Amino acid sequence: MPLSIGIVGLPNVGKSTLFNALTRQQNAEAANYPFCTIEPNKATVPVPDKRLDELSALVKPEKTIYATVDFIDIAGLVKGASRGEGLGNKFLANIREAAAIIQVVRCFDDDNVVHVEGTIDPLRDIEIIETELILADLQSLEKRVERLEKLSRGDKGLLKELVACKGLLAHVSEGATVASYPDVENLALEPTLRELSLITDKKVVYCANVDEDAVVDGNEHVEKLRKYAESRNADVVIICARMEEEMAGLSDEEVQEFLSSYGIKDSGLDRTIRKSYHTLGLCSYFTAGPKEVRAWTIPQGCLAPQAAGVIHTDFERGFIRCQVISLEDYFKYGNEAACKTAGVMRTEGKEYVMQDADIVNFLFNV
């Protein structure tokens, strides 16, 4: 299941530094000047999962395969981006391709790192980005309404979509996001939302980029950001992008020692990846055998046949039933055979709703 998260923010807030840390490589140039990112950088990143690590340690397979998310590092937006300022609409198009957005917000003071607006103000920065994204959606909706008005003259079936689209346009014209529209679930809007992939309809995770002194408890900038995010029903992750980038070259043991010296259990990097994954409404089920232990990505609430189809379409088409073991039971009894003997391996049918961390065997016939 290809999934992508767009990393956005003003120039010089740490987007490319975060991207470098995410990929564990220096794949994106990070420099102390605006627009050092010219083309969007993309990388596929494994989703850290200690449950999968523990399962793999128990099964001892030839390989372990994690769920993944694609991250896209998008050039910094500035005031007027929706009108072509800075690097303009080209990069707004890159954001439309993403399923969700991480907005990197600068929450550290450093006179040696220039800020495009001259001062540090997280809420102002968010407002600038959000305004440009709203204006970009406004342009898209205006064109959509204009097109529907023409088409509906010969196809009255489009009138409901036209009315719904005008209502959404009026809402966005007031400076509001698509996601905040009270009637956004209107079925008549479905074709518009699907085809336009409106930016402010996407879920957002705010990433507070702090200095090392604030990586544990945050600071006043982070507190302002948290209050704002809470009002938007959005999540906040604290990360010191520069520190994470420096850890990229360390071994796992060295990383743990480094984090322990700050009193941190896991890195902000891992939290950012996991939060992005779950923000998309995703979870994982596992398959376990001598050749591989693997996490498979599915939407929360997915039925067993559709989950089987993630492995191969034949699994869904010829689905008969599935054998399910909870992760807790697997750890308790140690292997599949022991779970079966203990009676904790369940047989489930087509209506079974998959649970996060289920260990599954699918039976099918085509």
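Residues numbered from 1 in each chain as written. Predicted model: local features only at pLDDT ≥ 70, side-chain atom pairs only at ≥ 80, totals over all residues. Heavy atoms only, no water.

Asker: In this structure, what is going on with the sheet that holds strand 4 (residues 68–73)? I would like to understand it.
Answerer: Note on sheets: strands pair through backbone hydrogen bonds, and any given pair is parallel or antiparallel. Here we have six strands laid out as an open sheet, ordered 2-4-1-5-6-7, and mixed in their pairing. Edge strands, defined here as strands with exactly one partner in the open sheet, are strand 2 (41–46) and strand 7 (235–239). Shown here is a sheet whose adjacent strand axes are inclined to one another by a mean of 25 degrees, direction ignored. As paired strands, strand 2 and strand 4 are joined by six bridges and run antiparallel to one another. Bridging across to strand 4, P46 finds its partner in T68. Lying on the sheet, helix 4 (residues 122–151) is in contact with strand 5 (100–106) and strand 6 (203–209); it crosses strand 5 at an angle near 145 degrees. (Pairing = 2+ DSSP bridges. Helix = DSSP H or I, 4+ residues; strand = E, 2+ residues; numbered from the N terminus. Axes fitted to C-alpha atoms, helices over the stretch in contact; angles between N-to-C directions. Contact = heavy atoms within 4.5 Å.)

Asker: What's the story with the environment of K15 in this structure? I'm lost.
Answerer: Along the chain, the position of K15 falls in helix 1 (residues 15–23). Taking relative accessible area as the criterion, K15 reaches 5% and is therefore assigned buried. Between the alpha carbons of K15 and I102 there is a distance of 9.4 Å; along the sequence they are 87 residues apart. (Buried < 20%, exposed > 50% of the residue type's maximum accessible area, 1.4 Å probe, protein only.)

Asker: Just checking my understanding: could you explain the pattern of salt bridges for this structure?
Answerer: Side chains that carry opposite charge are capable of pairing whenever their charged atoms lie near each other. In this structure the tally under the stated criterion is 15 salt bridges. Where R144 meets E161, a salt bridge forms, and the shortest distance between an N and an O atom there is 2.7 Å. With R144 in helix 4 and E161 in helix 5 (residues 159–173), this residue pair connects regions lying 17 residues apart in the sequence. Of the charged contacts, one joins E190 and R194 as a salt bridge, the two residues approaching to 3.8 Å between their closest N and O atoms. Of this pair, E190 and R194 both sit in helix 6 (residues 190–196), four residues apart, which is roughly one turn of that helix. Sharing partners across several salt bridges, the network here consists of D49, R51 and D356. (Salt bridge = Lys/Arg side-chain N within 4 Å of Asp/Glu carboxyl O.)

Asker: Hey, could you run me through unusual backbone geometry in this one?
Answerer: Excluding glycine, residues mostly have negative phi values, and the peptide bonds linking residues are mostly trans. In the Ramachandran plot, S197 falls in the positive-phi region, its phi being about 45 degrees despite a non-glycine side chain. Residue placement: S197 occurs in the loop between helix 6 and strand 6. For S197, a relative accessible area of 22% corresponds to the partly exposed category. One non-glycine residue, N233, lies in the positive phi region at around 55 degrees. Structurally, the position occupied by N233 is in the loop between helix 7 (220–231) and strand 7. On the basis of relative accessible area, N233 is assigned to the exposed category, the value being 75%.

Asker: Is there a simple way to think about the nonpolar core in this case?
Answerer: The nonpolar side chains of a soluble globular protein tend to be buried with one another. By size, the foremost hydrophobic cluster in this structure holds 50 residues, and its most contacted members are L18, L22, F71 and F286. Apart from residues lying up to four places away in sequence, F286 is in contact with D49, R51, L52, L55, R294, A295, L327, A357, D358, I359 and V360. (Core = buried A, V, L, I, M, F, W, Y, C linked by side-chain atoms within 4.5 Å.)

Asker: How should the side chain of S276 be read in this particular structure?
Answerer: Mapped onto the secondary structure, S276 falls in helix 10 (residues 268–279). The contacts of S276, once residues within four sequence positions are left out, are I5, F71 and I102.

Asker: Hey, could you run me through the packing of helix 4 against helix 7 in this one?
Answerer: Where helix 4 meets helix 7, the closest approach of the two axes is 9 Å, and the angle between their N-to-C directions is 45 degrees. Judged on the interaxial angle alone, helix 7 and helix 4 are oblique. Contacts between helix 4 and helix 7 involve P122, L123, I126 and E130 on the former and, on the latter, H221, K224, L225 and Y228. Across the contact of helix 4 with helix 7, the residue classes break down as five nonpolar, one polar and two charged. (Parallel < 35°, antiparallel > 145°, perpendicular 65-115°, else oblique. Nonpolar A, V, L, I, M, F, W, Y, C, P; charged D, E, K, R; others polar.)

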